Amino acid sequence: MLSVVGLSFVALLLTVGALTLESDRAEYDYFKYHPMDEISSWMVQMEKDHPDVVTVVDYGRTYEKRTISLLKIGLKTEAKKKAVWMDCGIHAREWIAPAFCQYFVRQILHAYKTDDKMAAMLTNMDFYITPVLNIDGYIFSWKDSSTRLWRKNRSPGPSGDCYGVDLNRNFDANWGTVGVSSNCSSNIYCGTGPISEPEAQAVAYFVGSRKEDFLCFLTIHSYGQLLLIPYGHPNFTASNYDELMTVGQGAAEAIWRVHGKKYTVGTSPDVLYANSGSSRDWARMQEIPLTFTFELRDNGTYGFELPEDQIRPTCEEAYSGALHIIAYAHDKTFNGAAAAAAATLWAVLLAAGVSGANLM
């Protein structure tokens, strides 16, 4: 059984990886950073190009009244489906995150037509992918060099003389307790209350209203090369901590096998710093079992201003890690006890597939 699945997974990565850089760039350049208007147009184009599997879903409005949209990707079936959540761009300056979400979409859309494993996952699960959650902040970060490192959203503070809430401190998960500031001028200002911000409200309502469907919740950030698991508060431990660490370490292994980059796995207090109000912690408190924060490249050389020549390798390795987690979640639900062994094998085969494709 495992050998058949493994060969299928190799075919998945080889098929996707064999796409040439020239053909990628002919229609849409996945290896450069795009402003919001181009990303929005790309989302519409994805729905036009793949009408049987892609739907643009509007699910909220930002403070500045821009529409927050996601791509729902899945094969139509009469059966009730499970779901995967992925969001990028919750922090405006982390441009590599939206680049990854776009790359991830491209990969799975190319894969499902020729690979049985991906087809099975899209049959059993819908992928809900938000390329840019903090749209107002992202647009502001493109304004000029003085705003490039803007992090927060753009809502005004209580006194009206400062702007922005850190959306990843605004969720109702031990809100306002550790790793936050009550000063609106701070980059980690947590807002006036839990879920006070419209962007956080949009995610909380959309995911919370169907939380029983979600098998995993992945939120993509930079930088630091980390895979963070719940919880950010040092006094709380996830009930499935051991499982989260095992799956996370498998994902880190898959990432390492692509380009040799080491990702550290652990809770935020253990490997980074304590914090509260994160979307990852909120999702775990909603009983979504597998919730992870990806902190993509690098380790501080370029920080938030990662050069465009690193987009491709960053996305390739992160894709391997994300797919490891998603495949584990899928197989634990639909294939039972074989999941752990299968996920371990896929991590190895996935990395080999990507590496082989890069030589073509």
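Everything below is about the structure shown above.
Quick summary incoming for the structure in this document. These numbers come from a predicted model, not from an experiment.

### Quick word on the packing of helix H8 (residues 241-259) against helix H11 (residues 311-334)
Inference 1: Between H8 and H11, the least distance of the axes is 8 Å, while the angle of their chain directions is 145°. Our pair here, H8 against H11, has a crossing hand that is right-handed. Between H8 and H11, the contacting residues are Glu243, Val247, Gly250, Ala251, Ala254, Ile255, Val258 and His259 on the first element and Pro313, Glu316, Glu317, Ser320, Gly321, His324, Ile325, Tyr328 and Lys332 on the second.
Inference 2: In the contact of H8 with H11, the residues fall into eight nonpolar, five polar and four charged.

### Comments concerning the state of the cysteines
Inference 1: In total, this model carries two disulfides according to the counting rule given.
Inference 2: The disulfide that involves Cys88 links it to Cys101, with 2.2 Å between the sulfurs. Here Cys88 and Cys101 share a disulfide; its torsion about the S-S bond, 85°, makes the bridge right-handed. Here Cys101 lies in helix H4 (residues 96-111) and Cys88 lies in strand S3 (residues 82-88), a separation of 13 residues in the sequence. Neither residue differs from the other here; Cys88 and Cys101 are each classed as buried.

### Concerning the packing of aromatic side chains
Inference 1: Counting across every chain of the model gives 22 aromatic pairs.
Inference 2: Measuring from ring centre to ring centre gives 6.2 Å for Tyr103 and Tyr319, while their planes differ by 85°; the resulting arrangement is edge-to-face. Here Tyr103 is found in helix H4, whereas its partner Tyr319 is found in helix H11, with 216 residues between them in sequence. There is no split in this pair, since Tyr103 and Tyr319 are both buried.
Inference 3: Geometrically, the ring pair formed by Phe104 and Phe127 is tilted, given 6.2 Å between the ring centres and 35° between the ring planes. Of this pair, Phe104 sits in helix H4 while Phe127 sits in strand S4 (residues 125-130), and the two are 23 residues apart along the sequence.
Inference 4: Residue classification places Phe127 among the buried residues on the basis of a relative accessible area of 0%.
Inference 5: Site record: aromatic cluster; members linked through ring pairs are Phe31, Phe100, Tyr103, Phe104, Phe127 and Tyr319.
Inference 6: In this structure, Arg106 packs its charged tip against the face of Tyr30, placed 5.3 Å from the ring centre.

### Quick notes on the pattern of salt bridges
Inference 1: Applying the stated criterion to the full structure yields 15 salt bridges.
Inference 2: For the salt bridge of Asp136 with Arg66, the shortest nitrogen-to-oxygen distance reads 2.7 Å. Residue Asp136 is located in helix H6 (residues 135-141), and its partner Arg66 is located in the loop between strand S1 (54-61) and strand S2 (67-73); the two are separated by 70 residues in the primary sequence.
Inference 3: Where Arg257 meets Glu253, a salt bridge forms, and the shortest distance between an N and an O atom there is 3.0 Å. Taken together, the residues span about one helical turn, with Arg257 and Glu253 both in helix H8 at a distance of four residues.
Inference 4: Overlapping salt bridges, with partners in common, bring together Glu64, Arg66 and Asp136 in one network.

What counts, and where the lines are drawn
Residues numbered from 1 in each chain as written. Predicted model: local features only at pLDDT ≥ 70, side-chain atom pairs only at ≥ 80, totals over all residues. Heavy atoms only, no water. Axes fitted to C-alpha atoms, helices over the stretch in contact; angles between N-to-C directions. Helix = DSSP H or I, 4+ residues; strand = E, 2+ residues; numbered from the N terminus. Left-handed = near helix turned anticlockwise from the far one by under 90°. Contact = heavy atoms within 4.5 Å. Nonpolar A, V, L, I, M, F, W, Y, C, P; charged D, E, K, R; others polar. Disulfide = S-S within 2.5 Å. Buried < 20%, exposed > 50% of the residue type's maximum accessible area, 1.4 Å probe, protein only. Phe/Tyr/Trp six-rings, centres within 6.5 Å; stacked < 30°, edge-to-face > 60°. Lys NZ or Arg CZ within 6 Å of the ring centre and 35° of its normal. Salt bridge = Lys/Arg side-chain N within 4 Å of Asp/Glu carboxyl O.

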